[in-house]
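For reference, the chains in residue letters:
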Amino acid sequence: HVFPLQIQIQKMKKEGSVPYSLSALQRDLSLKELPKRIECFDISNIQGSDSVASMVVFVDGKPKKSEYKKFIIKSVTGPDDFASMHEVIKRRYTRLLENKDQMPDLIIVDGGKGQLSTAVQVLIVLGIKQYNIIGLAKRLEEVFFPGKQEPESIPKTSSGLRLLQQIRDEAHRFAVTFHRQRRSKRTIKTELIDIKGIGKATAQKLLKALGSVYKIKRADFTTLAELVGEQKANLIRGHYNQNKKE
């Protein structure tokens, strides 16, 4: 038997109107509508500090970077992925309701049953009724659906699974990059501001010009002097030269 959805997929493939992977994903997740807009969330808190989250958006199976969002986790201290996911989902979909925007066709949360049920609770409290959501566990072929105890597997050969993987990897990359930036800024501020006579503004100016603490450490006197004057250049070079000796 050829099912109506397969006929629809074959027709779409011929017309080239939509990526095949999107139709495959609709089939794999038994979605009523084609998941044209997908929003995926990932939490990053490497070594338990500076928790952040990312939201990436895929439209028609392709990343739409102009709509990506970064979140600095405000209400959670320490590494707590469930509480962080709760905050991010609440912030995102409260804003969506305020703006009267349309819900995405599919929401993906990075993680298993815990992250998924946390997100579902938030959507219920916000009064959102029409939504599709899944949790994507670290073992990629495992997909969690609301209300089901056990995960389901998508065939590893499915292009729908490959699209899920691509979206999840992109959310992870975006979150980790943002996390590193946050840590780097914090490190530079504490490390440079620890030098007597160097303030926050000088630290930020050097970071902007040279890009990292590592490059500031290795910058010669002339480079530093051009940026912040001879007196401060002396302080910085003196500090790092002293540290080298120690």
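In this text the structure is predicted, and so the values were computed from the model without any measurement.

**Quick notes on the overall build of the protein**
Each helix and strand counted, the protein has nine helices and eight strands in total. Across the 246 residues of the protein, 43% fall into the buried class. When contacts within the protein are restricted to residue pairs at least 6 apart in sequence, long-range pairs at least 24 apart make up 54% of them. Only carbon and sulfur atoms are counted for the fraction: they give 50% of the accessible area of the protein, which is about 14200 Å².

**Quick notes on the packing of helix α3 (residues 81–98) against helix α4 (residues 113–125)**
Taken N-terminus to C-terminus, the directions of α3 and α4 make an angle of 35 degrees; their axes are 9 Å apart at the nearest point. The handedness of the crossing between α3 and α4 comes out as right-handed. In this structure, α3 contributes Asp 81, Phe 82, Met 85, His 86, Ile 89, Lys 90 and Tyr 93 to the contact, and α4 contributes Gly 114, Gln 115, Thr 118, Ala 119, Val 122 and Leu 123. Of the residues belonging to the contact of α3 with α4, the class tally is seven nonpolar, four polar and two charged.

**Some words on the nonpolar core**
Phe 41, Ile 89, Tyr 93, Leu 123 and Ile 133 are the most contacted members of the largest nonpolar core, which totals 24 residues. Mapped by element, the contributors of at least two residues to this core are β1 (37–44), β2 (52–59), α3, β5 (106–110) and α4. Excluding anything up to four places from it in sequence, Tyr 93 contacts Glu 39, Phe 41, Met 103, Pro 104, Ile 107, Leu 123, Leu 126 and Ile 128.

**Quick notes on the side chain of Glu 142**
Here Glu 142 is to be found in strand β7 (residues 142–144). Setting aside residues no more than four positions away along its own chain, Glu 142 makes contact with Gly 135, Leu 136, Ala 137, Pro 151 and Glu 152.

**Things to note about the pattern of salt bridges**
In the structure shown here, the tally under the stated rule is ten salt bridges. Put simply, Arg 37 and Glu 39 hold a salt bridge, and the shortest N to O gap is 3.0 Å. In this structure Arg 37 comes out as buried when scored by relative accessible area, which is 19%. A salt bridge links Arg 37 to Glu 67; the shortest N-O distance between them is 2.7 Å. Note that Arg 37 is positioned in strand β1 and Glu 67 in the loop between β3 (62–63) and β4 (69–72), a separation of 30 residues in sequence.

**Some remarks on the packing of aromatic side chains**
Given two aromatic rings, one states the distance between the centres and the angle between the planes to describe the pair. With the rule as written, the count across this model stands at two aromatic pairs. With a centroid separation of 5.9 Å and 65 degrees between ring planes, the pair formed by Phe 41 and Tyr 93 is classed as edge-to-face. Of this pair, Phe 41 sits in strand β1 while Tyr 93 sits in helix α3, placing them 52 residues apart in sequence. Taking the centre distance of 5.0 Å and the plane angle of 70 degrees together, the rings of Tyr 68 and Phe 174 count as edge-to-face. One end of the pair, Tyr 68, is in the loop between β3 and β4; the other, Phe 174, is in helix α5 (residues 159–193), and 106 residues separate them in sequence. Phe 174 shares its class with Tyr 68; the two are buried. When the ring centre of Phe 145 is taken as reference, the NZ or CZ atom of Lys 148 above it lies at 5.4 Å.

**A closer look at the layout of surface pockets**
The volume enclosed by the largest pocket comes to roughly 370 Å³. Along the walls of the largest pocket sit 17 residues, with Leu 31, Asp 105, Gln 130, Tyr 131 and Asn 132 positioned nearest its centre. Of the residues that constitute the lining of the largest pocket, the class distribution is nine nonpolar, four polar and four charged.

**With respect to the packing of helix α6 (residues 200–210) against helix α8 (residues 221–228)**
Their axes nearest at 10 Å, the elements α6 and α8 cross at an angle of 120 degrees. Taken together, the axis directions place α6 and α8 in an arrangement best described as oblique. Judged by the sense of rotation from one axis to the other, the crossing of α6 with α8 is right-handed. Across the interface between the two elements, Thr 202, Lys 205, Leu 206, Ala 209 and Leu 210 from α6 touch Thr 223, Leu 224, Leu 227 and Val 228 from α8. Residues belonging to the contact of α6 with α8 are distributed by class as follows: six nonpolar, two polar and one charged.

**A few points about the confidence of the model for the protein**
Looking at the protein, the pLDDT average stands at 83 and 83% of residues meet or exceed 70. Element-level pLDDT for the protein is lowest in helix α1 (residues 4–15), with a mean of 59, against a maximum mean of 94 in β5.

**Points about unusual backbone geometry**
Most peptide bonds adopt trans geometry, and most residues besides glycine take a negative phi value. One non-glycine residue, Asp 60, adopts positive backbone phi at about 50 degrees. Mapped onto the elements, Asp 60 comes out in the loop between β2 and β3.

Calculation criteria
- Note on numbering: residues in each chain are counted from 1, in written sequence order.
- Totals for whole chains, interfaces and linings use all residues, but because this is a predicted model, local features are given only for residues with pLDDT of at least 70 and pairs of side-chain atoms are given and counted only at 80 or more.
- Computation of side-chain values: all heavy atoms of the structure, hydrogens and water removed.
- Secondary structure elements follow DSSP: runs of H or I no shorter than four residues count as helices, runs of E no shorter than two count as strands, and numbering proceeds from the N terminus.
- The buried label goes to any residue with under 20% of its type's maximum accessible area, the exposed label to any with over 50%, and the partly exposed label to all in between, with areas taken from a 1.4 Å probe on protein chains only.
- Any pair of residues with heavy atoms lying within 4.5 Å of one another is described as a contacting pair.
- The protein chains shown are the only cover counted for residues, whose accessible areas, like all others here, come from Shrake-Rupley with a 1.4 Å probe.
- Interaxial angles span 0 to 180 degrees and are taken between N-to-C directions of axes, which are lines fitted to C-alpha atoms, for helices over the stretch in contact.
- Note on convention: near helix rotated counterclockwise from far helix by under a right angle means a left-handed crossing. Clockwise means right-handed.
- Here the term charged refers only to Asp, Glu, Lys and Arg, the term nonpolar to Ala, Val, Leu, Ile, Met, Phe, Trp, Tyr, Cys and Pro, and the term polar to all other amino acids, Gly among them.
- Put simply, buried Ala, Val, Leu, Ile, Met, Phe, Trp, Tyr and Cys residues joined by side-chain atoms within 4.5 Å make one nonpolar core.
- Salt bridge, as used here: a side-chain nitrogen of Lys or Arg that lies within 4 Å of a carboxyl oxygen of Asp or Glu.
- Aromatic contacts are taken between Phe, Tyr and Trp rings whose centres are within 6.5 Å, Trp giving its six-membered ring; a plane angle under 30 degrees counts as stacked, one over 60 as edge-to-face, and the others as tilted.
- In our convention, an over-ring charge means Lys NZ or Arg CZ found within 6 Å of a ring centre and within 35 degrees of that ring's normal.
- Cavities and pockets were defined on a 1 Å grid built from protein atoms only: a cavity is a group of points that admits a 1.4 Å probe but offers it no way out, a pocket is an open group of points flanked by protein on both sides within 12 Å along at least five of seven lines, and a lining residue is one with an atom within 4 Å of any such point.
- Grid points are joined across faces, edges and corners, and a volume is the space filled by probe spheres set on the points.
- Angles below 35 degrees are treated as roughly parallel, those above 145 as roughly antiparallel, those between 65 and 115 as roughly perpendicular, and all remaining angles as oblique.
- The pLDDT score gives, residue by residue, the confidence of the prediction method on a 0 to 100 scale.

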